[in-house]
Amino acid sequence: MERNGHDVRVWLALAAVYVVWGSTYLGIAIAIQTLPPMMSGGLRFVAAALVLGTVLLVRAVPLRMRWREFGGAALVGLLLLAGGNGMVAVAEQHISSGLAALLVASTPLWLIVLRTVFRDRPHVLTLTGVLVGFAGVAFLSLRGGGASGSGAGIAVVLLGSLSWSVGSFVSPRIPMPANPFVASTVEMAVGGTALLVMGLARGERLHLGAVSWQSWTALAYLVLVGSLVGFTSYIWLLGHAPISLVSTYAYVNPVVAVILGMVVLSEPVTAAMLVAGALIVVGVALVVSTERRKRAAPPAVEETPADHGRVPAPQPTSES
């Protein structure tokens, strides 16, 4: 399929991914004000799975898959949503939404580390980008995020980013349902259920009378806009736009998240956040641009689909 970077629909979809995925950090922060963090994530993804699954059934999309494919999607859902997104929600009890977004932006850097461990050889500029980005992460971690967070919250969100990175890394390397929307339905259903179970085991309880209308509104936004509109736009972009353009969400989302957190929740933006955030964004931009040129070069040997993988994404399969 031809991928056209000049189609106005591409820019509309890209704007949706930029703003929607960047805004999910704010949505999470508002939702967990009166909703337990893991249970709010569980409700979000189970509801989104039900909506998406219903749409697929109405459109007569075949949902049949092999058990190995179901198992692969379930594993990815656990890593991305239960481990990745769930940890972000827990961390945002202790750190600002903008700081969480900056740390989650390190996900492409973790992916390069995983590739190196498994004997891939990234370009020297890619490794340079990793070093620059992780310098920003280390600076934020050592400074504790300033007035925007705690060391414990930073550690939790970094563990979540690592879980998301592992899920993104293994996804193209294991059996998965052929239809990405079917795969996403399984991922959200399994990941959401796991979050509900983890929340109960952690002692979380849902007291309906204590939940504010702001939290319910934020949860509805995360389900309908964050998990469905954002993901659908991303999947459409993968088939209609250059991957180099699509992947720019990785360093635009944290900027959107920081601005929204500052404007809506009056979250402090410290000098440490600005310096470290700039390092992380520059590092990720260097990684993405270098990998783009690498993919554009003619391959010396025949490659398999697993050699390319999928671009990692922060919110159901690709956002927070």
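Okay, so let's go over this structure. By convention here, each chain's residues receive numbers from 1 onward along its written sequence. Reporting of local features is limited, given that this is a predicted model, to residues whose pLDDT is at least 70; pairs of side-chain atoms are given and counted only at 80 or more, and all residues count toward the totals for whole chains, interfaces and linings. Where side-chain values are given, they derive from all heavy atoms of the structure, hydrogens and water being excluded.

### What about the environment of His-240?
Okay, so step 1: Tracing the backbone through its elements, the reader meets His-240 in helix H9 (residues 213-240).
Okay, so step 2: Linking His-240 and Asp-7, residues 233 residues apart in sequence, is a C-alpha distance of 8.7 Å. Segments assigned H or I by DSSP are reported as helices when at least four residues long, segments assigned E as strands when at least two residues long, and all are numbered from the N terminus.

### A look at empty space enclosed by the protein
Okay, so step 1: Using a grid of 1 Å spacing that covers the protein atoms alone, one calls a set of points a cavity when a 1.4 Å probe fits there but cannot get out, and a pocket when the set is open and has protein on both sides within 12 Å along at least five of seven lines; lining residues are those with an atom within 4 Å of a point. Grid points are joined across faces, edges and corners, and a volume is the space filled by probe spheres set on the points. This structure, assessed with the given rule, holds three cavities of 30 Å³ or more.
Okay, so step 2: Of the voids in this model, the second largest cavity is the one considered here, and its volume is about 60 Å³.
Okay, so step 3: Considering the residues around the second largest cavity, the lining is formed by Ile-28, Ala-31, Ile-32, Pro-37, Ser-40, Gly-41, Arg-44, Asn-85, Ala-89, Leu-219 and Leu-222.
Okay, so step 4: At the level of secondary structure, the elements contributing two or more residues to the lining of the second largest cavity comprise helix H1 (8-31), helix H2 (37-58), helix H3 (67-91) and H9.
Okay, so step 5: Only Asp, Glu, Lys and Arg are considered charged, only Ala, Val, Leu, Ile, Met, Phe, Trp, Tyr, Cys and Pro nonpolar, and every remaining residue, Gly among them, polar. Residue classes in the lining of the second largest cavity are distributed as seven nonpolar, three polar and one charged.

### Quick word on the environment of Leu-103
Okay, so step 1: Along the polypeptide, Leu-103 turns up in helix H4 (residues 97-104).
Okay, so step 2: Other than its neighbours up to four places away in sequence, Leu-103 contacts Ile-95, Val-137, Leu-140, Ile-154, Val-157, Leu-158 and Ser-161. Should any heavy atoms of two residues lie within 4.5 Å, those residues are considered in contact.

### Remarks on unusual backbone geometry
Okay, so step 1: Positioned with a positive phi, Ala-60 is a non-glycine residue whose angle comes to about 60°.
Okay, so step 2: Relative to the helices and strands, Ala-60 resides in the loop between H2 and H3.

### Notes on the nonpolar core
Okay, so step 1: In this description, a nonpolar core means a group of buried Ala, Val, Leu, Ile, Met, Phe, Trp, Tyr and Cys residues linked to one another through side-chain atoms lying within 4.5 Å. Using a 1.4 Å probe on the protein chains alone, a residue whose accessible area is under 20% of its type maximum counts as buried, one over 50% counts as exposed, and one in between counts as partly exposed. Formed by 39 residues in total, the largest nonpolar core has its most connected members in Tyr-25, Ile-95, Leu-99, Leu-103, Leu-140 and Val-157.
Okay, so step 2: Counting residues in each nonpolar core, the second largest holds 24 residues, with Phe-45, Ala-49, Ala-73 and Val-90 among its members.

### Digging into the side chain of Ser-233
Okay, so step 1: In this structure, Ser-233 sits in helix H9.
Okay, so step 2: N or O atoms within 3.5 Å of each other form a polar contact, as long as, within protein, one can give a hydrogen and the other can take it, and as long as residues adjacent in sequence are counted only when both atoms are side-chain atoms. Polar side-chain contacts of Ser-233 include one of 2.9 Å to the backbone oxygen of Val-229.
Okay, so step 3: Residues in contact with Ser-233, not counting those within four places in the same chain, are Ala-13, Ala-16 and Val-17.

### Observations regarding helix H8 (residues 180-201)
Okay, so step 1: One less than the residue count of a helix, multiplied by 1.5 Å, gives the span that helix is expected to have. Counted at 1.5 Å a residue, the expected span for H8 with its 22 residues is 32 Å, and the 31 Å between its end C-alpha atoms agrees.
Okay, so step 2: All of the buried residues along H8 are Val-182, Ala-183, Ser-184, Thr-185, Val-186, Glu-187, Met-188, Gly-191, Gly-192, Ala-194, Leu-195 and Gly-199.
Okay, so step 3: Buried residues belonging to H8 abut H2, H3 and H9.
Okay, so step 4: The N-cap residue of H8 is Asn-179: its side-chain oxygen and the backbone nitrogen of Phe-181 are 2.8 Å apart.
Okay, so step 5: Remark: Gly-203 follows H8 within two positions and exhibits a positive phi of approximately 95°.

### Regarding the pattern of salt bridges
Okay, so step 1: The working definition used for a salt bridge is a side-chain nitrogen of Lys or Arg within 4 Å of a carboxyl oxygen of Asp or Glu. Taken as a whole and assessed by the stated rule, the structure comprises two salt bridges.
Okay, so step 2: With its nearest N and O atoms 3.4 Å apart, the salt bridge here joins Arg-66 to Glu-69.
Okay, so step 3: Residues Glu-204 and Arg-202 are paired through a salt bridge, measuring 2.8 Å at the closest nitrogen-oxygen approach.
Okay, so step 4: Exposure remark for Glu-204: the relative accessible area of 7% places this residue in the buried category.
Okay, so step 5: Classification of Arg-202 as partly exposed rests on a relative accessible area of 43%.

### Quick look at the packing of aromatic side chains
Okay, so step 1: In this scheme Phe, Tyr and Trp rings, the latter by its six-membered ring, pair at centre separations within 6.5 Å, and the angle between planes marks the pair as stacked below 30 degrees, edge-to-face above 60, and tilted otherwise. Here the structure, examined in full by the defined rule, presents four aromatic pairs.
Okay, so step 2: Between Phe-118 and Phe-169, the aromatic rings sit 5.3 Å apart at their centres with planes inclined by 35°, giving tilted as the arrangement. Pair noted here: Phe-118 is in the loop between helix H5 (107-117) and helix H6 (124-143) and Phe-169 is in helix H7 (residues 151-170), with a separation of 51 residues, a long-range link.
Okay, so step 3: Taking the relative accessible area as the measure of exposure, Phe-118 reaches 59% and is therefore exposed.
Okay, so step 4: Counted as over-ring charges are cases with an Arg CZ or a Lys NZ within 6 Å of the ring centre that also lie within 35 degrees of the ring normal. A cation over a ring is seen here: Arg-173 above Phe-169, with NZ or CZ 4.0 Å from the ring centre.

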